[in-house]
Amino acid sequence: AAGVIQSPRHLIKEKRETATLKCYPIPRHDTVYWYQQGPGQDPQFLISFYEKMQSDKGSIPDRFSAQQFSDYHSELNMSSLELGDSALYFCASSRGRPTGELFFGEGSRLTVL
Amino acid sequence: DQQVKQNSPSLSVQEGRISILNCDYTNSMFDYFLWYKKYPAEGPTFLISISSIKDKNEDGRFTVFLNKSAKHLSLHIVPSQPGDSAVYFCAAVANAGGTSYGKLTFGQGTILTVHP
């Protein structure tokens, strides 16, 4: 069965650069969520979209922005990268609004040097 | 401020025995709880959940118990199998059924190792 696809899987950037992560949800899933997991930490909720509209916002820095497109894929844009942005970024998707039962992708590992 | 806490970083169990993973929470607004399992280089995978109106939910070898008064939940795996070896995350949702349905607050995770 198709899963959540994230790209790129690995990304290395310098400080102050910009990075874009992409997420392709499971077919017919209309809701996308972004989570950030720092080294040795638990995943932290960043932001979510339902039917291309932002539906909830967590601890997402102002330097980050995200959107969901007409084909339901989502992109997370990160600017003025800092060393502390180095983390594993997970995208998850769901169909409708099930409580908490999300399907996660394998993650995109961002390293900021 | 860690609102969901898994105080045991790791747990080692013999195959066939019971694995008990524990989780405590502090936010009284949490009303839905989940367990996710994570293998290396993979995303978390949903395992089992429980609503705050219940105190037990069972799915095959996995049972989750919720003690609301103690703000504590646990995951029991019986019998444990080597393939169960993974990181287990406890997660909680506040105001489930509202707008924060996908906003999970995770614990730090517990590494479970099941020895053959």
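Keep in mind that this is a model prediction, so the values were computed, not measured. (Residues numbered from 1 in each chain as written. Chains lettered and ligands numbered in written order. Predicted model: local features only at pLDDT ≥ 70, side-chain atom pairs only at ≥ 80, totals over all residues. Heavy atoms only, no water.)

From N to C terminus, chain B includes zero helices and 11 strands. Its helices and strands in sequence order give chain B the pattern β-β-β-β-β-β-β-β-β-β-β, from N to C terminus. Taking 13 Å as the expected radius of gyration for a compact globule of 116 residues, we find that chain B reaches 14 Å, a close match to that expectation. C-alpha atoms of chain B, sized along the principal axes, occupy 45 × 30 × 20 Å. (Helix = DSSP H or I, 4+ residues; strand = E, 2+ residues; numbered from the N terminus. Rg over C-alpha atoms; globule rule 2.2 N^0.38 Å.)

The subject of this paragraph is the overall build of chain A. If you tally the helices and strands in chain A, you get zero helices and 11 strands. Going from N to C terminus, chain A has its helices and strands arranged as β-β-β-β-β-β-β-β-β-β-β. Here the C-alpha radius of gyration of chain A, 13 Å, is about what a compact globule of 113 residues would show, namely 13 Å. Seen along its three principal axes, the alpha-carbon backbone of chain A occupies a region of about 35 × 25 × 25 Å. Put simply, chain A has 113 residues, and 50% of those count as buried. For chain A, contacts bridging at least 24 residues in sequence account for 53% of all contacts bridging at least 6. Surface accessibility of chain A: about 5,400 Å² in total, with carbon and sulfur atoms responsible for 48%. Side chains of chain A give 12 positive and 13 negative charges; the mean places of these two sets differ by 3 Å. (Buried < 20%, exposed > 50% of the residue type's maximum accessible area, 1.4 Å probe, protein only. Contact = heavy atoms within 4.5 Å. Areas by Shrake-Rupley, 256 points an atom, 1.4 Å probe, with all protein chains shown as cover. Lys, Arg positive; Asp, Glu negative; His and termini not counted. Charge placed at Lys NZ, Arg CZ, Asp CG, Glu CD.)

Before going further, it helps to examine unusual backbone geometry. Trans is the common state for peptide bonds, and a negative phi is the common state for residues other than glycine. Along the chain, Ser-7 of chain A connects to Pro-8 of chain A via a cis peptide bond; the corresponding omega equals -10°. You can see Pro-8 of chain A is positioned in the loop between β1 (5-7) and β2 (10-13). A cis geometry characterises the amide bond from Val-78 of chain B onward to Pro-79 of chain B, with omega recorded as -10°. Position of Pro-79 of chain B relative to the elements: it lies in the loop between β8 (72-77) and β9 (86-94). Of note in the backbone geometry, Lys-52 of chain A takes a positive phi value of approximately 70° without being a glycine.

This part is about the nonpolar core. Within the largest apolar cluster, 24 residues are counted, with the highest numbers of intra-cluster contacts made by Phe-33, Trp-35, Leu-73, Leu-75 and Tyr-88 of chain B. Elements with a contribution of two residues or more to this core: β3 (19-25), β4 (30-38), β5 (45-51), β7 (62-67), β8, β9 and β11 (110-115) of chain B. Ranked by residues supplied to this core, first place goes to β9 of chain B with five residues. Ignoring sequence-local partners within four residues, the contact set of Tyr-88 of chain B consists of Gln-6, Leu-21, Trp-35, Tyr-36, Lys-37, Leu-47, Leu-75, Ile-77, Gly-109, Thr-110 and Leu-112 of chain B. Formed by 22 residues, the second largest nonpolar core is a distinct cluster that contains Val-4, Ile-60, Ala-87 and Tyr-89 of chain A. (Core = buried A, V, L, I, M, F, W, Y, C linked by side-chain atoms within 4.5 Å.)

Backbone-to-backbone hydrogen bonds pair the strands of a sheet. The strands run either parallel or antiparallel. All names here are of chain B. Within the open sheet, the five strands sit side by side as β1-β3-β8-β7-β6. Their pairing is antiparallel. Pairing within the sheet leaves two strands with one partner each, and these edge strands are β1 (4-5) and β6 (56-59). Of the pairings in the sheet, the one linking β3 to β8 comprises six bridges and is antiparallel in character. Each bridged residue has a counterpart across the sheet, and for Ser-19 the counterpart in β8 is Ile-77. (Pairing = 2+ DSSP bridges.)

Residues and elements named next belong to chain B. Mapped onto the fold, Gln-3 is located in the segment before β1. Each C-alpha atom, one on Gln-3 and one on Glu-58, is 25 Å from the other, the two residues being 55 residues apart in sequence. Beyond its immediate chain neighbours, meaning those up to four positions away, Gln-3 contacts Asp-24, Tyr-25, Thr-26, Asn-27, Phe-30 and Thr-105. Polar side-chain contacts of Gln-3 include one of 2.8 Å to the side chain of Asn-27. (Polar contact = N/O pair within 3.5 Å; in protein donor to acceptor, adjacent residues only side chain to side chain.)

Before going further, it helps to spend a moment on the pairing of strand β3 (residues 19-24) of chain A. All names here are of chain A. Here β3 shows one buried face, formed by Ala-19, Leu-21 and Cys-23, and one open face, formed by Thr-20, Lys-22 and Tyr-24. The pairing of β1 with β3 spans three bridges and is antiparallel. Each bridged residue has a counterpart across the sheet, and for Gln-6 the counterpart in β3 is Cys-23. Inspection of the sheet shows β3 paired to strand β8 (residues 74-78) by five bridges, in the antiparallel sense. Paired with Thr-20 across the two strands is Asn-77, which belongs to β8.

It is worth spelling out the pattern of salt bridges at this point. Residue and element names in this part refer to chain A. The full count for this structure, using the stated rule, is six salt bridges over all chains. A salt bridge links Asp-85 to Arg-63, with the nearest nitrogen and oxygen atoms 2.9 Å apart. Of this pair, Asp-85 sits in the loop between β8 and β9 (87-94) while Arg-63 sits in the loop between β6 (53-57) and β7 (64-68), and the two are 22 residues apart along the sequence. Taking relative accessible area as the criterion, Asp-85 reaches 5% and is therefore assigned buried. Each member of the salt-bridge network shares a partner with another, and the members are Arg-63, Glu-82 and Asp-85. (Salt bridge = Lys/Arg side-chain N within 4 Å of Asp/Glu carboxyl O.)

Honestly, it's all geometry; don't read function into it.
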